[in-house]
Amino acid sequence: MSSLHRRAFIGAFGSVALLSACANRTGNSAAAQINARVDAVLEFLYANHPETTELRDKAQGILIMPVVTKLGLLGAGGAYGRGALRVGDATVDYYSAVSATLGPQFGAQQYSHALFFMTEEALHTFRSSPGLAAGSDVEFVLSREAENLSAETTTSLNPVIAVIFGKAGLSAGATLKGVKYTRIIL
């Protein structure tokens, strides 16, 4: 590995560490603050994208990341956020979402996202794994300002549907590919 690649790799992990320390500071009442953020973000999602209520009604569980902060600078970047897994209306676990990226990038962005687990098997697999990386088995649905979410969200047969919404800031885009979700104890 060349010196330049090592520096970029170290920079990417440094970005993630910085984001984890600053972006979602929750203090001693972390669980209560995460739950309050999740409630507010779900209210926003259902009010601004009513088609997601049908997903909610069909889903076996929903992982909500109310604030994910993404930062990219000089070929290295990362993202970090904390959220809650809801089954029914109850929070059953808390998770962090982390990603590191290499390559040309510049900017900062915050966004929210939700993973709708449409089958019991998908939810069980997620909950029993030590950490899940979003990949090809997840259908991604992006929300752009003044647009509705894709109509396929209500007819999709995918086991997991990811909805990215509430984006703010300047960055090349938001995707959940390569995001690792890990259960956290609060």
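Higher on the page you've got the structure.
Residues numbered from 1 in each chain as written. Predicted model: local features only at pLDDT ≥ 70, side-chain atom pairs only at ≥ 80, totals over all residues. Heavy atoms only, no water.

Moving on to the overall build of the chain. Helix and strand content of the chain: four helices and eight strands. Here the chain holds 186 residues, and 43% of them are scored as buried. Contacts spanning at least 24 positions in sequence make up 72% of the contacts within the chain whose residues lie at least 6 apart. (Helix = DSSP H or I, 4+ residues; strand = E, 2+ residues; numbered from the N terminus. Buried < 20%, exposed > 50% of the residue type's maximum accessible area, 1.4 Å probe, protein only. Contact = heavy atoms within 4.5 Å.)

Attention shifts here to helix 4 (residues 120–128). Listed as buried for helix 4 are A122, L123 and F126. Looking straight down helix 4, one finds that the buried residues subtend no more than 95° of arc, so they occupy a single side. Along helix 4, the residues that are exposed and aim more than 90 degrees away from the buried face are E121 and H124. (Arc of directions from axis to C-beta.)

With 19 residues, helix 2 (residues 30–48) extends 27 Å between its outermost C-alpha atoms, agreeing within 8% with the 27 Å of an ideal straight helix rising 1.5 Å per residue. When helix 2 is considered as a whole, its buried residues turn out to be A30, I34, N35, V38, V41, L42, L45 and Y46. Looking down the long axis of helix 2, one finds its buried residues gathered within 135° of arc, a one-sided arrangement. Exposed side chains of helix 2 directed beyond 90 degrees from the buried face belong to A32, E43 and A47. (Expected span 1.5 Å × (residues − 1).)

Applying the stated criterion across every chain, the model contains four aromatic pairs. Ring geometry for Y95 versus F126: centroids 4.7 Å apart, planes at 40°, classification tilted. Placement of the pair is Y95 in strand 3 (residues 90–102) and F126 in helix 4, with a sequence separation of 31 residues. Taking the relative accessible area as the measure of exposure, Y95 reaches 2% and is therefore buried. For F126, a relative accessible area of 2% corresponds to the buried category. Between F117 and F126, the ring centres sit 4.8 Å apart and the planes meet at 40°, which makes this aromatic pair tilted. Each of the two residues, F117 as well as F126, counts as buried. Through a chain of ring-to-ring contacts, the aromatic side chains of Y95, F117, F126 and Y181 assemble into a single cluster. The residue whose ring lies beneath R56 is Y46, and the NZ or CZ to ring-centre distance is 4.7 Å. (Phe/Tyr/Trp six-rings, centres within 6.5 Å; stacked < 30°, edge-to-face > 60°. Lys NZ or Arg CZ within 6 Å of the ring centre and 35° of its normal.)

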